[in-house]
Amino acid sequence: MANFEYKQLSEINLEQEFFDSLKEAYPEFPIWYQRKASEGECAYVLFNKHQQLDAFLYLKCEGLDENYSDIDPPFERGIRVKVGTLKAISRGTRLGERIIKKIIDYASESEISEVYVTVFDEHDHLIELLKKFGFMHWGKKTSTRENVLVKRLDFHFDDQNGNFDIYKSYPLVNTSNVNYWVLGIYPEFHTRMFPDSILTNESYELIQDVSETNTISKIYLTKLECISQMKRGDIILIYRTGDGLSAARYRAVVTSICIVDEIKSIFDFQHELDFMNYCEKGSVFTTEELSYFYRSKKYPKIIKLTYNIALRHRVTNGDLIDHVHLHPRYWGCFPLTKDQFGHIFKMGQANSNLLVHV
């Protein structure tokens, strides 16, 4: 399984064919690269199974003294995250979404509310994906005629029906007029879906997550009946169930916060191919597993989620019992009150700027 790695630029061979297009588009790129390498700068990189680069992402925090005269119209003074260099070779994977999550996670954990990226017109698929997740066209970079797209992490969007747009507003979580749930996921599947949610209760920085499966949208199959009661926009706390290594009081933990996008039944799909097309891109299950699930109807409930927040501090089963006073009949799936959610959110030491009330 290929993973993103956070490497010093000096460790990456600039003579690889991967960088040829960057050198073509930006003749000054090798000079810039060598300067940043000598300064000890790092970038996120992804290698394929042949040990060739598939992605390169360099992020930079900019301060109040940054010069934006090359952007039309120029930015006002402020603190921003700049996507300094981005290139990816997509082979029908969800690599673009993984990169966008990496960018937004970096800004969120740096507590910076604005991110911008420059993209040439011909990269229309990337522009479309960026706009899906709330990047807006700002203007042009005068020297290269690249498009400048900006995302504000403190700004939410409404969809065409006037409802909170969970994709464009990502990673924001709307807490008004929604229901709250706890959803239990067995350790094996939890590790696949939320690999950055490590089993520890120590403070932890999300930007160090390097997992291949850390995408924004998720699809999960289950037989839990409570799934049918959920609706788009509802908030779900992901609960990693116990693994039997010791008492669930210590090993079962709330790790993440998701938003419900869509609920479906496996019986909505008349053909296996339709089911596979719906699930395959967003699911952590293998093709063989999905085929078995469709034929056996073992897990008939399908839930599509956005993965918004990984808790910095994992909230244990014991915490839920002792401090939130939760005593559900079944820990696999149950509703919460808004106050209970707020208590768990606070215990999880998540970034409160990511909650909105609209």
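Structural data are supplied above this passage.
Described below are features of the structure shown in this document. This one's a predicted model, so the numbers in the text were calculated from it and none came from an experiment.

Examining the state of the cysteines
A full pass over the atoms with the stated rule returns one disulfide. Paired through a disulfide, cysteine 226 and cysteine 333 show a sulfur-sulfur distance of 1.7 Å. In this structure, the disulfide formed by cysteine 226 and cysteine 333 twists by about 110 degrees around the S-S bond and is classed as right-handed. With a gap of 107 residues between them, cysteine 226 in the loop between strand E11 (217–222) and strand E12 (235–240) and cysteine 333 in strand E15 (residues 333–336) connect regions that are remote in the sequence. Take cysteine 226: its relative accessible area is 11%, and that puts it in the buried class. Taking relative accessible area as the criterion, cysteine 333 reaches 11% and is therefore assigned buried. Note on cysteine 61: no disulfide assigned, nearest cysteine sulfur contributed by cysteine 42 at a separation of 13 Å. Among the residues examined, cysteine 61 registers a relative accessible area of 39% and is labelled partly exposed. Unpaired in terms of disulfides, cysteine 258 finds its nearest cysteine sulfur in cysteine 333, a separation of 13 Å.

Here's the deal with the sheet that holds strand E3 (residues 53–62)
Taken in spatial order, the eight strands line up as E1-E2-E3-E5-E6-E8-E7-E4 in an open sheet, and their pairing is mixed. Strand pairing shows two members of the sheet lacking a second neighbour, strand E1 (4–8) and strand E4 (71–72), which therefore form its edges. Pairing between E3 and strand E5 (residues 80–88): eight bridges, direction antiparallel. Looking at the pairing, tyrosine 58 lines up with threonine 85 of E5.

A short note on the packing of aromatic side chains
Applying the stated rule across the entire model yields 31 aromatic pairs. On the numbers, 5.3 Å between centres and 90 degrees between planes, the contact of phenylalanine 18 with phenylalanine 19 is edge-to-face. Judged by relative accessible area, phenylalanine 18 falls into the buried class, the value being 6%. On the accessibility criterion, phenylalanine 19 (0% relative accessible area) is buried. Where phenylalanine 285 meets phenylalanine 293, the ring centres are 5.1 Å apart and the plane angle is 90 degrees; that geometry is what we call edge-to-face. For the pair phenylalanine 285 and phenylalanine 293, a shared accessibility class is recorded, and that class is buried. Among the aromatic residues, ring-to-ring pairing joins Phe18, Phe19, Phe29, Trp32, Tyr33, Phe56 and Tyr58 into one connected group. Positioned above the aromatic ring of phenylalanine 194 is the side chain of lysine 218, whose terminal nitrogen or guanidinium carbon lies 5.7 Å from the ring centre. Note that lysine 297 overlies the ring of tyrosine 294, its terminal NZ or CZ placed 4.0 Å from the centroid.

Quick look at the packing of helix H7 (residues 272–279) against helix H8 (residues 287–296)
Their axes nearest at 10 Å, the elements H7 and H8 cross at an angle of 130 degrees. As far as their axial angle goes, H8 and H7 are oblique. Of the two elements, H7 crosses H8, and the hand of that crossing is right-handed. Together, Glu272, Phe275, Met276 and Cys279 of H7 and Thr287, Leu290, Ser291, Tyr294 and Arg295 of H8 make up the contact between the two elements. Split by residue class, the contact of H7 with H8 holds five nonpolar, two polar and two charged.

Reading the values: the criteria
Residues numbered from 1 in each chain as written. Predicted model: local features only at pLDDT ≥ 70, side-chain atom pairs only at ≥ 80, totals over all residues. Heavy atoms only, no water. Disulfide = S-S within 2.5 Å. Helix = DSSP H or I, 4+ residues; strand = E, 2+ residues; numbered from the N terminus. Buried < 20%, exposed > 50% of the residue type's maximum accessible area, 1.4 Å probe, protein only. Pairing = 2+ DSSP bridges. Phe/Tyr/Trp six-rings, centres within 6.5 Å; stacked < 30°, edge-to-face > 60°. Lys NZ or Arg CZ within 6 Å of the ring centre and 35° of its normal. Axes fitted to C-alpha atoms, helices over the stretch in contact; angles between N-to-C directions. Parallel < 35°, antiparallel > 145°, perpendicular 65-115°, else oblique. Left-handed = near helix turned anticlockwise from the far one by under 90°. Contact = heavy atoms within 4.5 Å. Nonpolar A, V, L, I, M, F, W, Y, C, P; charged D, E, K, R; others polar.

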